[in-house]
Amino acid sequence: MQLTSFYFKSNVRRKLIDPLLQRNMKRFGGRFVEARAAVMTEVDNLETIRVAAAAIRDRSLANLDSYLVAFEEQALARGSQVHWAETAQDVNRILIEIAQSNGVKKIVKSKSMVSEESGLNDAVEAVGIQAIETDLGEYILQLAHEPPSHIIAPAIHKSLEEVAALFSENHHTPRQTDIPALCREAREQLRPHFLSAEMGISGGNFLIAETGSVVIVTNEGNGRMVTTLPRIHVTITGIEKVLPTLNDFSTIVRLLTRSATGQSITNYVSMLTGPRQEGDLDGPGQSHIILVDSGRSRLLGTEMQEALRCIRCGACMNHCPVYQNIGGHAYGWVYPGPIGAVLTPSYVGLKNALDLPQASTLCGACQVVCPVKIPLPELMRVLREKSFEQGLRPWHERLFIRLWRGVANRPRLYALMTQVGVRVLSLLGGKKKLLHHLPGLDGWTDGRDMPAPQGKTFRELYRKRRS
Amino acid sequence: MRVGLFVTCLVDMMRPRIGFAALKLLENAGCEVVVPPNQTCCGQPGFNSGDRESGRVMARRFLADFESFDYVVAPSGSCTGMIRCHYGELFPDDTVLQHRLDALSQRTFELTDFLVTVLKVERLDSFFQGTITYHDSCSGLRELNVKHQPRQLMGQVVGAQLREMNKPELCCGFGGTFSIKLGEIATRMADNKCQDALATKADAIVGGDLGCLLNIEGRLRRLGDDTTQVLHVAEVLAGPELGQG
């Protein structure tokens, strides 16, 4: 996927004044937030399960190497073929090799965010293979030539009217006016592709080490079609997605679906364990699993490792007041919101996504809802520290911070400077006691007044009162 | 009970009357309050901007200024959160210092939390004419569980009527240096907060952190509203006859 995180600030500016996006984001508003809150009341020991889920993820990550090897052994024993992709380019290369050596001309895909990392669709199209997204949201975006803006609801930034116009234009059909009709139309368009594609690609929510299974958690049913109808099924997923046992999965899934869409359970939870076995009525002839590193292993053993706990529920972005106002595209890469602000700089390089760790008030709403207790504000702070240490922040910001540190550590100097400062600002504030413009603080005064200080500092007034 | 009042730099510079309100509330509740003269800032602006050294320098200063008190109280959830939740992790290699900071952190409280949880204040002799809507500032709420304390105390203020806004726990967009670095998002978030607050038609928007209040008031005034009051909870609790010093 085209990386535009470097331009976060100008992306934001455009998104804040995009009336259609703003309307769609408002409409989306708190739907997932409310659904999550409602469904969590079913769980009477939520905090205990969160602690357990975080511990399961930590255990998986602490022994990632051995669980991956165990997974590979089990997957091979069940007849799957396992491929290791160190980089995003490796993902595309491996996939194209599998496709070409099997004469694949058409691929149907269910949702895979990892395949967005490597820009897989463009890569396969460049070698003459058609790739069709079959998740409704992803299908819409493929028609619109846009990247996803949310990890579980990729087209959340689009309105019904926009989708209707897009369908009508691309399918040469009369414009629909309601969602069921649009779904039916998509289904009619996609059905022949499901039946004619030689390869299906899916993501994988989890890999189960003890059984060699890939788990996908979905709602639309396209996942079932993609993974069972074509003669080849390829799973593309990150190496961090491994869980030791099915039992572990049963703990995690209780939180995943509730945190994501506010459902007690999704319509489909599929365990894919190898290709069609003798006597099976359906299933693919070949099962391939591409395990993607692409920056993940670099986080192991560092203070960023907790980010790899992520189970991709999207609750952090749903609850993030920054995401709610700017949408996912502004973040400029595959993963938006707080988890994106942590993962994107980690995967693509801090200097390519400098503003993302700053794109948070550290309000903590994300951390409170994260089902695996990722300390997202803390991780953003770690990245801010790296930016500061590596001199990647603007010089005036670094200077200001160092100056303030120096002044605040010298009480007499602090007292003198603040006394003078507040007098000047108080005078400038005039009768209305408001500052409309402050040089160097345009970031504030462009959109807000600065209420002027009272005029004397507390310490001055207190000293006078005591004497 | 000897209480050290940590005024916080923002209150010291921008709104000394909040500091005096806190002082009055603590004294009325029977505390012996001392304001250590060398105190400045908790170090949060630098710490959250990625300069850990700011945190360390100010944590040492805080320790020197406040270690001798039974309790430390600050009229701010975010400064208290900095002390309570982050000072302890700043010196991983110095267990003695870390231990001293942890001990001090446990005695450090946000003002309303202190009044309710430690002092168990049940009666305030104060008066406020009007309706209030309360904004829950993030650090106080999520780092310190400050939620019922200010409401409980405002319930004791004669005349004050609380009208909850939609989403009182939604961040106002201040976020310290965020409000300048990403001012456009901060402004939009302040806008949303103002809308929710104004929809209650309350006479005053009240909160426990001056940073948030400046952000909200700044946006309100820019939008042309110069009647809705924006007040710190200490000002409401201490009552109107409060001296301006």
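Everything quoted here is computed from the prediction, not taken from an experiment.

Thresholds, definitions, all that
Residues numbered from 1 in each chain as written. Chains lettered and ligands numbered in written order. Predicted model: local features only at pLDDT ≥ 70, side-chain atom pairs only at ≥ 80, totals over all residues. Contact = placed C-beta atoms within 7 Å. Helix = DSSP H or I, 4+ residues; strand = E, 2+ residues; numbered from the N terminus. Nonpolar A, V, L, I, M, F, W, Y, C, P; charged D, E, K, R; others polar. Pairing = 2+ DSSP bridges. Axes fitted to C-alpha atoms, helices over the stretch in contact; angles between N-to-C directions. Buried ≥ 20, exposed ≤ 12 C-beta atoms within 10 Å, placed from the backbone. Expected span 1.5 Å × (residues − 1). Arc of directions from axis to C-beta. Domains from an automatic or database assignment. Left-handed = near helix turned anticlockwise from the far one by under 90°. Parallel < 35°, antiparallel > 145°, perpendicular 65-115°, else oblique. Core = buried A, V, L, I, M, F, W, Y, C linked by C-beta atoms within 7 Å.

**Digging into the interface of chain B and chain A**
Next, step 1: Each side of the interface is counted separately: chain B has 54 residues, and chain A has 49 residues.
Next, step 2: Of all the secondary structure elements, the ones that give two or more residues to the side of chain B that touches chain A are α1 (9–14), α2 (16–28), α3 (44–48), α4 (52–66), α8 (138–144), α10 (178–181), α11 (183–198) and α12 (210–222) of chain B.
Next, step 3: When grouped by side-chain class, the residues that make up the side of chain B that touches chain A number 22 nonpolar, 16 polar and 16 charged.

**Focus: the sheet that holds strand β9 (residues 268–272) of chain A**
All names here are of chain A.
Next, step 1: In space, the four strands of this open sheet follow the order β8-β5-β6-β9, with mixed pairing throughout. The open sheet has two edge strands, β8 (242–243) and β9, and neither has a second partner.
Next, step 2: With three bridges connecting them, strand β5 (residues 206–208) and strand β6 (residues 213–218) associate as antiparallel partners. The residue of β6 that forms the bridge with Leu207 is Val214.
Next, step 3: Packing against the sheet, helix α13 (residues 246–260) makes contact with β5, β6, β8 and β9, and its axis sits at approximately 15 degrees to β6.

**Describing the environment of Pro147 of chain A**
Residues and elements named next belong to chain A.
Next, step 1: Note on placement: Pro147 falls in the loop between α9 (136–144) and α10 (160–171).
Next, step 2: By the C-beta count within 10 Å, which is 19 here, Pro147 ends up partly exposed.
Next, step 3: Between the C-alpha atom of Pro147 and that of Val334, which follows or precedes it by 187 residues, the distance is 7.9 Å.
Next, step 4: Those residues in contact with Pro147 that sit more than four places away from it in its chain are Met1, Glu116, Leu141 and His329.

**So, the environment of Gly349 of chain A**
Next, step 1: Relative to the elements of secondary structure, Gly349 of chain A occurs in the loop between α17 (337–348) and α18 (365–369).
Next, step 2: A sequence separation of 64 residues divides Gly349 of chain A from Gly285 of chain A, and the C-alpha atoms of the two residues are 39 Å apart.

**Overview of helix α6 (residues 88–101) of chain A**
Residues and elements named next belong to chain A.
Next, step 1: With 14 residues, α6 extends 20 Å between its outermost C-alpha atoms, agreeing within 8% with the 20 Å of an ideal straight helix rising 1.5 Å per residue.
Next, step 2: The complete set of buried residues in α6 reads Ala88, Val91, Asn92, Leu95 and Ala99. The buried residues of α6 occupy one face: seen down the axis, they fall within an arc of 90 degrees. What points out from α6, more than 90 degrees from its buried face, is the exposed set Glu97 and Ser101.
Next, step 3: One or two steps after α6, the chain reaches Gly103, where phi turns positive at roughly 65 degrees.

**Points about the domain arrangement of chain B**
All names here are of chain B.
Next, step 1: Along its sequence, chain B is organised into domain 1 (2–117) and domain 2 (124–238).
Next, step 2: A C-alpha centroid distance of 22 Å is found between domain 1 and domain 2.
Next, step 3: With 29 residues of domain 1 at the interface, the matching set in domain 2 holds 23 residues.
Next, step 4: Contributions of two or more residues to the side of domain 1 that touches domain 2 are made by α1, α2, α3, α5 (77–86) and α7 (111–118).

**Some thoughts on the packing of α9 of chain A against α10 of chain A**
In a packed pair of helices, the relevant descriptors are the angle between the two axes and the axis-to-axis distance.
Residue and element names in this part refer to chain A.
Next, step 1: It is the contact of α9 with α10, at a shortest axis distance of 10 Å, that shows an interaxial angle of 65 degrees. Relative to α10, α9 is oriented so that their crossing is left-handed. In contact with Ile140, Leu143 and Ala144 of α9, α10 contributes Val163, Leu166 and Asn170.
Next, step 2: Considered class by class, the residues forming the contact of α9 with α10 number five nonpolar, one polar and no charged.

**Looking at the packing of helix α20 (residues 395–408) of chain A against α4 of chain B**
Next, step 1: For the pair α20 of chain A and α4 of chain B, interaxial distance at closest approach is 10 Å and the crossing angle is 5 degrees. With respect to each other, α20 of chain A and α4 of chain B are oriented roughly parallel. Residue-level contacts link Ile401, Arg405 and Ala408 of chain A of α20 of chain A to Glu53, Ser54, Val57 and Met58 of chain B of α4 of chain B.
Next, step 2: Of the residues assigned to the contact of α20 of chain A with α4 of chain B, the class counts are four nonpolar, one polar and two charged.

**Observations regarding the pairing of strand β10 (residues 286–292) of chain A**
Residue and element names in this part refer to chain A.
Next, step 1: Most of β10 sits out of view: six of its seven residues are buried.
Next, step 2: With five bridges joining them, strand β1 (residues 81–85) and β10 adopt parallel strand pairing. Bridge pairing in β10 links Gln81 to His288.
Next, step 3: By the bridge criterion, seven bridges tie strand β7 (residues 232–238) to β10 in an arrangement that is parallel. Across the sheet, residue Ile236 finds its bridge partner in β10, namely Ile290.

**Considerations on the pairing of strand β4 (residues 199–202) of chain A**
All names here are of chain A.
Next, step 1: Burial of the side chains of β4 extends over both faces: Met199 and Ile201 are buried on one face and Gly200 and Ser202 on the other.
Next, step 2: Two elements, strand β2 (residues 106–109) and β4, share three bridges in a ladder whose sense is parallel. Paired with Val108 across the strands is Gly200, a residue of β4.

**Quick word on the nonpolar core**
Nonpolar side chains in soluble globular proteins tend to be buried together.
Next, step 1: The biggest cluster of nonpolar side chains holds 197 residues, and the ones touching the most others in it are Ala22, Val73, Val236 and Leu237 of chain B.
Next, step 2: Once you skip the residues sitting within four places of it in the chain, Leu237 of chain B turns out to touch Leu25, Leu124, Ser126, Leu153, Met154 and Val157 of chain B.

**A look at the sheet that holds strand β3 (residues 130–133) of chain A**
Residue and element names in this part refer to chain A.
Next, step 1: Overall, parallel pairing links the six strands, which are arranged β1-β10-β7-β4-β2-β3 in an open sheet. The open sheet has two free edges, formed respectively by β1 and β3, since each of these has just one partner strand. On average, each strand axis in the sheet is inclined to that of its neighbour by 20 degrees, with strand direction left out of account.
Next, step 2: Packed on one face of the sheet, α6 meets β1, β2, β4, β7 and β10 and runs near 170 degrees to β10.

**Here's the deal with α20 of chain A**
Next, step 1: Taking 1.5 Å of rise per residue, 14 residues should cover 20 Å, and α20 of chain A covers 20 Å from first to last C-alpha, within 8% of that figure.
Next, step 2: If you follow the buried residues of α20 of chain A, they end up packed against α21 (411–429) of chain A together with α3 and α4 of chain B.

**A look at the domain arrangement of chain A**
For interface size, the figure often reported is the accessible area lost on association.
Next, step 1: What the domain assignment lists for chain A is domain 1 (43–294), domain 2 (304–389) and domain 3 (396–466).
Next, step 2: In this structure, domain 1 of chain A and domain 3 of chain A have C-alpha centres spaced 54 Å apart.

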